[in-house]
Amino acid sequence: DDDDDDDDDDVEEEKEKVEEKGEEEIVNTNDNEEATKKKNRNDDRNNIRTGENTREEELKNDLYSRVLDEVLQDANLNTSKKTRKDLNQNNHASFYSEDVEKPNFTLGDSYDLLISWIVQEWEYRFKNNAEDSAKEHAERHSARIEYLIDRIKRREGRRKDGDDEKENKAAITRGKEDGRNNVRNVAEKEEYADDREEEEEEEEEEEEEDWEEAEKGAKGSKLLEFHRHSSSQTQTIFQNRIYEAHWAKTRSMEVKPEDFLESGKDPAFTKLFRKQGAMVLKLHNSGWDENTNASTFLNLDWIRNTRVKLQTLGPDYQYIRQTLPDPETGILRKYQDMDGYDPARAEFGALVEEIQENFKFAAQPLRLMGVVERERFFITQIRNKVQAQYPYLQGVAVVAMDGGEKKALSGLPSQNPWNIFDFAERPTSVTRQLLKICEAACSPHARQIAEEKLAGEKENKVNRFKRRQEDEIAKTGAKAVEGDLEARKRRNQRKRLLSGEKEKTGGGKRKAGKSGGGSKKVSIGSVSAPMAGKSPPNSSQEDQLNDAEKLELEHFQERFFEASCEASKKKKWGAGIVNPWLYYMSPFSFFPMHFEDYALGSANVIVADPSTQCWVVWYSIPSEQIGLLHEFLKDTLKSKYQIDCLESRELWINPEIIANWNARRLGNNRKLKVYRHVQGPGEYVVTDYGSVHWGVNLGVGWKAAVNFAYPDWRAAAEKVDLEYRKIESNEHPKKRHYRCAPKFGVHNEKLFSMENVLGKDELFSNHWQKEEKKGLHEQ
């Protein structure tokens, strides 16, 4: 019986286990179904997000594939006779690798194959020429390849097992921390998501209102018509918002630069120009003569034939290699000079001819790519930390070559208001006069000489005072009673009697608490110099000048102004400011973030046939945001920040970094506005006073640049000066670069008077104006 009872119990237990197991399976099945549904929903959302970019990626890969096929089939280009199969194997060691090791390419698309072909093709040419033992050919091709992709090195491959294990442990730790922070992050994102959407909507509405207002103003403008690039261009390049700038086109050939560049003459242009900090100008006649197939801005055909030696030009040209900037901070490496040339023997014309040939050859694989594709390619290289190098011929002073100005103007229309040589000195322009003033007032040499002289005079005064004091002590016998208060009083009384000075009592009665001298005498050295604007709380000592020191400094600045007027008669004076500098650009060469010397405006024109693929993309920040820009630079550069980082031209900031910084500034925090401009052949870009700008060259061709200033410069430069005063007060004792905006109120105000800026002040103009005109006439 007991055995039967035990059997019954076992049966019951087995039934209970089966029932429990069935319930667990039902629960697990339900959980699995929910997890599957959740996963499917997530997959659907991801597919929706990625589906929008699928078509774009297909088109991009198809474009690179077509370029690659065309390159490989062209026998003149593909001298190494590489095929797609050869490129896929990728079994070569790169000559351009810094460590002479095989690049870790991921040959998953046509873009990587194209880059691999470029490297192998140049290596093939270099090796063949070197083996031919023809030294001149080897040097020529060596110089060619140095400016192209110096090395293409992708991220390192797999780490060693030990490193992998450490990395996995670190990843697990980070994952746990991320998991704990996830809840907070999600809450914060949800909290700020609505604010961010509202801000974006407000910005879009503001932009639309400005555009509508600009359209209304443009209808009333007799000089210009305004347009705007499509925002879809920036969306394909940058993840966050970059503003597409407005550009203008002249309505007729009679429109001149001075008709609208001076503030107030064309209100619609002035408003947009100040807001953007720069603007592209497309001229009515495109700046190209189809009959002569030449530019109407500048004649540069003669440069290839010039025989001037590189050694003679000296610092009046630079042929450099530029390395792409750091992707996080934008800091640039120091430029390297292109070598392989003997400056004493090489001629500038031969160098230009070789540069043109090399640059055009390098640009051939890009000829099926437009502006957006090239710009995206450049930004992608920076993001991926590709340490490529690109050549740039810059800072070529035309006036430094014998007869350069005359040759550059030969064959041009006589009455062309857009001639780049005359741009800085158009009617009502004050560029030349203003440069003389700034060089005299802001030059550190004038201050140094004045300080040395003042120091010598102070030392002489101290010595004279000591001698006089010793004589007085000897005469009055004060030495024996120096520590006696009553004796010092008697000594002072004897001094007054000896000098014949009578004691003033103020109406016969001496006022209580006042000395016998009546009103208090104040030495000249203790009176503060009159300032046009108030000094910041912690302004540097050089700003705190007394009257005597200020007068002495003003005297030296006036003498320097006379010397500057005399120096302006020289041929190379003001090169790059009142006379143009030339640049020959290669694809993906670039110009760093900066603003012009003394907060001047600038004009830049591409001297090329309108049918060529000669483009430049500019980015600009208006001058009113220069203080906010320095705040961004402090956050980004950390300990490497310097107050003169813009003037020293050490940065090329990816606009996306600024956009990301803006995205983190919610609420009422101001945001930096970066405007994007596309300049084509025969088009001008003008930048506003003190506006910050930088960009990238996307084609091959000549550019010319010059500065300008009109009487409205002073008001804009004062605002830049005020912003830098605030920065200096916070960054004491750091000082701005002397070619930054002038320190108004510290420098000689007579020099910066409107009468002197316009050349009408008799105090300054009568003496040197006749001499200057005489010197110019003789030249």
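Note: the structure precedes this text.
Quantities reported herein were computed from a predicted structural model and do not represent experimental measurements. (Residues numbered from 1 in each chain as written. Predicted model: local features only at pLDDT ≥ 70, side-chain atom pairs only at ≥ 80, totals over all residues. Heavy atoms only, no water.)

## What to know about the overall build of the protein chain
Just so we agree on the cut-off: Helix and strand assignments follow DSSP, with helices taken as H or I runs no shorter than four residues and strands as E runs no shorter than two, numbered in order from the N terminus. Each residue gets one of three labels from its accessible area relative to the maximum for its type: buried under 20%, exposed over 50%, partly exposed in between, using a 1.4 Å probe on protein chains only. Using a 1.4 Å probe, accessible areas were evaluated by the Shrake-Rupley method; residue-level cover was limited to the displayed protein chains.
Per the secondary structure count, the protein chain includes 20 helices and 17 strands. Within the span of the protein chain, comprising 779 residues, buried residues form 46% of the whole. For the protein chain, the computed accessible surface area is about 42900 Å², with 46% contributed by carbon and sulfur atoms.

## Comments concerning the sheet that holds strand β13 (residues 616-621)
The following threshold applies: The rule for pairing is simple: two strands pair if DSSP sees at least two bridges between them.
Reading across the sheet, the five strands line up as β2-β14-β13-β16-β11 and stay open at both edges, with mixed pairing between neighbours. Each of the sheet's edge strands pairs with one partner strand only, and the pair in question is β2 (243-244) and β11 (590-594).

## Here's the deal with the packing of aromatic side chains
To keep it simple, the criterion reads: The criterion for an aromatic pair is that two Phe, Tyr or Trp rings (for Trp, the six-membered ring) have centres within 6.5 Å, with stacked assigned to planes under 30 degrees apart, edge-to-face to planes over 60 apart and tilted to the rest. The criterion is that NZ of a Lys, or CZ of an Arg, lies within 6 Å of the ring centre and within 35 degrees of the ring normal, and then a charge sits over that ring.
Counted according to the given criterion, the structure contains 30 aromatic pairs. An angle of 70 degrees between the planes, with centres 5.4 Å apart, marks the rings of Phe632 and Trp661 as edge-to-face. On the criterion of sequence distance, the pair formed by Phe632 in helix α16 (residues 626-637) and Trp661 in helix α17 (residues 655-663) is long-range, its members being 29 residues apart. Taken together, the ring pairs in this structure connect Phe260, Phe269, Phe273, Phe297, Trp418, Phe423, Tyr684, Tyr689, Phe708 and Tyr710 into an aromatic cluster. Sitting over the ring of Trp247, Lys282 keeps its end group 3.8 Å from the ring centre. The positively charged end of Lys673 is found above the aromatic ring belonging to Tyr243, 5.5 Å away from the centroid.

## A look at the side chain of Asn579
Where we set the bar: By definition in these notes, contact holds between two residues if any of their heavy atoms fall within 4.5 Å.
Its place among the elements puts Asn579 in the loop between α15 (547-567) and β10 (581-585). Once residues within four sequence positions are removed from consideration, Asn579 is found in contact with Val399, Phe421, Lys571, Trp573, Gly574, Ala705 and Val706.

## Let's talk about the side chain of Asp688
Position of Asp688 among the secondary structure elements: in the loop between β15 (684-687) and β16 (692-697). Residue contacts for Asp688: discarding those within four places in its chain leaves Phe273, Arg274, Gly277, Leu600 and Gly601.

## Description of the pattern of salt bridges
What counts is decided by this rule: We count a salt bridge whenever a side-chain nitrogen from Lys or Arg sits within 4 Å of a carboxyl oxygen from Asp or Glu.
Scanning the model with the defined rule gives 23 salt bridges in all. Between Arg274 and Asp712 there is a salt bridge, with its nearest N and O atoms 3.3 Å apart. With Arg274 in helix α7 (residues 267-276) and Asp712 in the loop between β17 (701-708) and α18 (713-730), this residue pair connects regions lying 438 residues apart in the sequence. Judged by its relative accessible area of 25%, Arg274 is partly exposed. Between Arg736 and Asp721 there is a salt bridge, with its nearest N and O atoms 2.8 Å apart. Here Arg736, found in the loop between α18 and α19 (754-757), pairs with Asp721, found in helix α18; they are 15 residues apart in sequence, far enough to count as distant. Accessibility assignment for this pair places Arg736 and Asp721 in one class, buried.

## What about the pairing of β13?
Of all six residues in β13, six are buried; the element is thus mostly enclosed. Relative to strand β14 (residues 675-679), β13 is paired through five bridges, and the arrangement is antiparallel. Looking at β14, one finds that Val616 is bridged to Gln679. Summarising the sheet, β13 and β16 pair through six bridges and their orientation is antiparallel. Considered in β16, the bridge of Ser620 is made with His693.

## Considering unusual backbone geometry
The backbone of Phe588 sits at a positive phi, close to 75 degrees, despite the residue not being glycine. Of note, the phi angle at Lys638 is positive, near 55 degrees, even though the residue is not glycine. When its relative accessible area of 60% is taken as the criterion, Lys638 is described as exposed.

## Topic: the sheet that holds β10
Inclusion rule: Helix axes are fitted only over the stretch in contact, all axes being lines through C-alpha atoms; the angle between N-to-C directions runs from 0 to 180 degrees.
The strand order β1-β3-β4-β15-β12-β17-β10-β9-β7-β8 describes an open sheet built from 10 strands, whose pairing is mixed. Each of the sheet's edge strands pairs with one partner strand only, and the pair in question is β1 (224-228) and β8 (336-337). Summarising the sheet, β1 and strand β3 (residues 246-250) pair through five bridges and their orientation is antiparallel. Its bridge partner lying in β3, Glu225 is registered against Lys249. Lying on the sheet, helix α9 (residues 348-363) is in contact with β7 (318-323), β9 (389-397), β10 and β17; it crosses β9 at an angle near 145 degrees.

## A look at the packing of α16 against α18
To be explicit about the condition: Put simply, Ala, Val, Leu, Ile, Met, Phe, Trp, Tyr, Cys and Pro go in the nonpolar bin, Asp, Glu, Lys and Arg in the charged bin, and everything else, Gly too, in the polar bin.
The N-to-C vectors of α16 and α18 enclose an angle of 35 degrees; their axes lie 9 Å apart at closest approach. Note on element contacts: α18 touches α16 through Val720, Glu723, Tyr724 and Ile727, opposite Ile626, Gly627 and His630. Its residues placed into classes, the contact of α16 with α18 shows four nonpolar, two polar and one charged.

## Examining the nonpolar core
Soluble globular proteins tend to pack their nonpolar side chains together in the buried interior. Note the following rule: Side-chain atoms within 4.5 Å are what join buried Ala, Val, Leu, Ile, Met, Phe, Trp, Tyr and Cys residues into a set we call a nonpolar core.
Judged by nonpolar contacts, the single largest core of 151 residues is most densely connected at Phe348 and Trp713. Sequence-distant contacts of Phe348, that is, excluding residues within four places in its chain, are made with Ile303, Thr306, Val308, Leu310, Leu313, Tyr317, Leu393, Val396 and Met401.

## Overview of a positive patch on the surface
Here is the rule we go by: Put simply, a patch holds well-exposed residues, over 30% relative accessible area, that have no salt bridge, with like charges counted together within 9 Å and Val, Leu, Ile, Met, Phe, Trp or Tyr side chains within 5 Å. Only four residue types enter the tally: Lys and Arg on the positive side, Asp and Glu on the negative side; His and the chain ends are excluded. Here the site of a charge means NZ on Lys, CZ on Arg, CG on Asp, or CD on Glu.
There is a patch of like positive charges on the surface, built from Lys461, Arg464, Arg467 and Arg468. By the element assignment, Lys461 lies in helix α13 (residues 444-476).

## Description of the pairing of β3
Consecutive side chains along a regular strand alternate between the two faces of the sheet. Within β3, four of the five residues are buried, leaving the element largely enclosed by the surrounding structure. Pairing between β3 and strand β4 (residues 278-282): three bridges, direction parallel. Bridge pairing in β4 places Trp247 opposite Val280.

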